[in-house]
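# Observations on the three-dimensional arrangement
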Amino acid sequence: MTAAVNDGAIAVIGSVAFDTLETPAGRADDELGGSAVHFAVAASFFTKVQLVAPIGDDFPAEALRYLESRGIDCSGLERRAGRTFRWHGRYHEDMNRRDTLHLDLGVFGGFQPRVTDAIRRAPFVFLGNIDPTLQGGVLDQFASPTLVGLDTMNHWIDEARAPLEALLPRVDLLVINDEEARQLSRETNVARAARRILGLGAKSVLVKRGEYGAILFSPGSVFAVPAFPLEEVFDPTGAGDTFAGGLLGHLAASGDLATPNVRRAIVYGSVLASFVVEDFGGRRMRTLERDAIEQRYRQFVALTEF
Ligand code: AMP
């Protein structure tokens, strides 16, 4: 990742969802979520974001107003007849583990993303967690992005390994959790897993390890950050996408893809993720202010200085 960037915009494709969330701390119904929403809200603290996703005819004006109030360009949201995507997840006592209880694709069924001219030129593209075939179809429509990030999940590694692997050589930053890294690489050791994934063509791999932090593997370099030590975690939903949004948001806003700044971006990603888990869904992001982000960023630096 060495190219210079001259425009701050990030295009994100992923799910826009209503989530039912059960964690050891309680339950919340119909929370605005989805991979693209969590990513876009986090990145919007830093730069302009363009959201590409289907929404149903049940998608409320209030949710749209909220996204627009964050400066998110919603012109790529395609309203279709039917229900907005819904996901119901339940976390174990160990909140690094969760089960999908129910998933309703709704308007994702038969969705063919079309990227408009205004979005096609975005220098940063984030392919949020959806069907890898859709991710590839979207990527094909971009002019020549400077940086492509990609997230995926166990479901797609199982069900769509071939299209997912075909995408990896086009990806600058793969963002996955440790379990997914093991599954994708068929290696149990995380460092070996990352090396194998780099061998599949991804230029760098960020392995998220929940409350243990994250590690960036690139050819010839490894960088690790802890997670911010919170005493109370309410709901980890969206932490991964929020991490990616903070990371790419900082990179895009600064236009600096050199290694020291990529490392700072990873710390921003950790900071954003540490906020989103403080309440259900994306609630905490509605009250978060830039000052609090900077303050926690400084705490992070102090935490890791020796
Ligand atoms: P994260 O906790 O970062 O993995 O993101 C959770 C978000 O991903 C939730 O808001 C869900 O709505 C969304 N999600 C869960 N499963 C899927 C799926 N199969 N495809 C697309 N989005 C999903």
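Our subject in this report is the structure included herewith. From a predicted model like this one, the values you see are computed outputs, not experimental measurements.

## Re the environment of Arg121
You can see Arg121 is positioned in the loop between α3 (117-120) and β8 (124-127). Accessibility expressed as a relative area gives 61% for Arg121, which makes it exposed. Here the alpha-carbon distance between Arg121 and Arg98, two residues 23 residues apart in the chain, equals 37 Å. For Arg121, the side chain forms a polar contact with the main-chain oxygen of Asp117, separated by 3.4 Å.

## Remarks on the sheet that holds strand β6 (residues 85-91)
Ordered by their spatial adjacency, four strands build an open sheet running β3-β2-β6-β7, and the pairing between neighbours is mixed. With partners counted over all chains shown, the strands left at the sheet margins are β3 (26-33) and β7 (98-104), one partner each. Within the sheet, the average angular offset between the axes of one strand and its neighbour, ignoring direction, is 15°. For β6 and β7, the ladder comprises six bridges, and the chain directions are antiparallel. Across the sheet, the residue bridging to Trp87 is Leu103, located in β7.

## Here we look at the packing of aromatic side chains
In this structure the tally under the stated criterion is eight aromatic pairs. With a centroid separation of 4.3 Å and 20° between ring planes, the pair formed by Tyr268 and Tyr297 is classed as stacked. Taken together, the residues Tyr268 in helix α10 (residues 259-276) and Tyr297 in helix α12 (residues 290-304) connect sequence positions 29 residues apart. Take Tyr268 and Tyr297: they sit in the same class, and that class is buried. Taken together through their ring pairs, the aromatic side chains of Phe46, Tyr268 and Tyr297 make up a single cluster. When the ring centre of Phe275 is taken as reference, the NZ or CZ atom of Arg296 above it lies at 3.9 Å.

## Structural notes on the sheet that holds strand β13 (residues 221-225)
Pairing within the open sheet is mixed, and its nine strands lie in the order β5-β4-β1-β8-β9-β10-β11-β12-β13. The open sheet has two edge strands with one neighbour each: β5 (77-79) and β13. Averaged over all pairs of adjacent strands, the angle between strand axes in this sheet comes to 15°, irrespective of strand direction. Judged from the three bridges that link them, strand β9 (residues 147-151) and strand β10 (residues 173-177) form a sheet pairing that is parallel. Note that in β10 the partner of Asp151 across the bridge is Val175. On top of the sheet, helix α1 (residues 35-43) reaches β1 (10-13), β4 (49-55) and β8; it is set at about 160° to β1, its chief contact.

## Some details on the side chain of Asp178
Assignment of secondary structure puts Asp178 in helix α7 (residues 178-185). Contacts of Asp178, omitting those with residues within four sequence positions, involve Val190, Val207, Lys208 and Arg209.

## Things to note about the environment of Pro132
Inspection of the secondary structure puts Pro132 in helix α4 (residues 132-139). The exposure class assigned to Pro132 is buried, which follows from its relative accessible area of 1%. A C-alpha to C-alpha distance of 9.0 Å links Pro132 and Glu165, two positions 33 residues apart in sequence.

## A closer look at the site of the ligand
Near the ligand, the surroundings consist of 19 residues, among which Ser15, Asp19, Gly34, Gly238 and Asp241 are the closest. Residue Asp241 places a side-chain N or O atom 2.8 Å away from an oxygen atom belonging to the ligand. Put simply, the parts of the chain that give the shell around the ligand at least two residues each are β2 (17-23), α1, β6, β7 and α9 (239-254). Counting residues per element, the shell around the ligand draws most heavily on α9, at three residues. Looking at side-chain class alone, the shell around the ligand contains seven nonpolar, nine polar and three charged residues.

## Quick notes on the nonpolar core
The tendency in soluble globular proteins is for nonpolar side chains to be buried side by side. Judged by nonpolar contacts, the single largest core of 60 residues is most densely connected at Leu67, Leu206, Leu247, Leu248, Ile266, Met285 and Ile293. Ranked by residue count, the leading element in this core is α10, at 10 residues. By size, the runner-up hydrophobic cluster in this structure holds 44 residues, among which are Ala28, Phe85, Ile176 and Leu198.

## A few points about the pairing of β13
The pairing of strand β12 (residues 214-218) with β13 spans five bridges and is classified as antiparallel. Across the sheet, Ile215 pairs through a bridge with Ala224, a residue of β13. Joining the antiparallel neighbours β12 and β13 is a turn of two residues, in which Gly220 adopts a positive phi near 80°.

## Focus: the packing of α9 against α10
A pair of packed helices is captured by two measures, namely the crossing angle of their axes and the spacing between those axes. Packing of α9 against α10 brings their axes to within 7 Å, and their N-to-C directions diverge by 140°. Accordingly, the angle class assigned to the pair α9 and α10 is oblique. Judged by the sense of rotation from one axis to the other, the crossing of α9 with α10 is right-handed. Seen from α9, the contacting residues are Ala239, Thr242, Phe243, Gly246, Leu247, His250, Leu251 and Ser254; seen from α10, they are Asn261, Val262, Arg264, Ala265, Ile266, Tyr268, Gly269, Ser270, Leu272, Ala273 and Val276. In the contact of α9 with α10, the residues fall into 11 nonpolar, seven polar and one charged.

Conventions we followed
Residues numbered from 1 in each chain as written. Predicted model: local features only at pLDDT ≥ 70, side-chain atom pairs only at ≥ 80, totals over all residues. Heavy atoms only, no water. Helix = DSSP H or I, 4+ residues; strand = E, 2+ residues; numbered from the N terminus. Buried < 20%, exposed > 50% of the residue type's maximum accessible area, 1.4 Å probe, protein only. Polar contact = N/O pair within 3.5 Å; in protein donor to acceptor, adjacent residues only side chain to side chain. Pairing = 2+ DSSP bridges. Axes fitted to C-alpha atoms, helices over the stretch in contact; angles between N-to-C directions. Phe/Tyr/Trp six-rings, centres within 6.5 Å; stacked < 30°, edge-to-face > 60°. Lys NZ or Arg CZ within 6 Å of the ring centre and 35° of its normal. Contact = heavy atoms within 4.5 Å. Near = heavy atom within 4 Å. Nonpolar A, V, L, I, M, F, W, Y, C, P; charged D, E, K, R; others polar. Core = buried A, V, L, I, M, F, W, Y, C linked by side-chain atoms within 4.5 Å. Parallel < 35°, antiparallel > 145°, perpendicular 65-115°, else oblique. Left-handed = near helix turned anticlockwise from the far one by under 90°.

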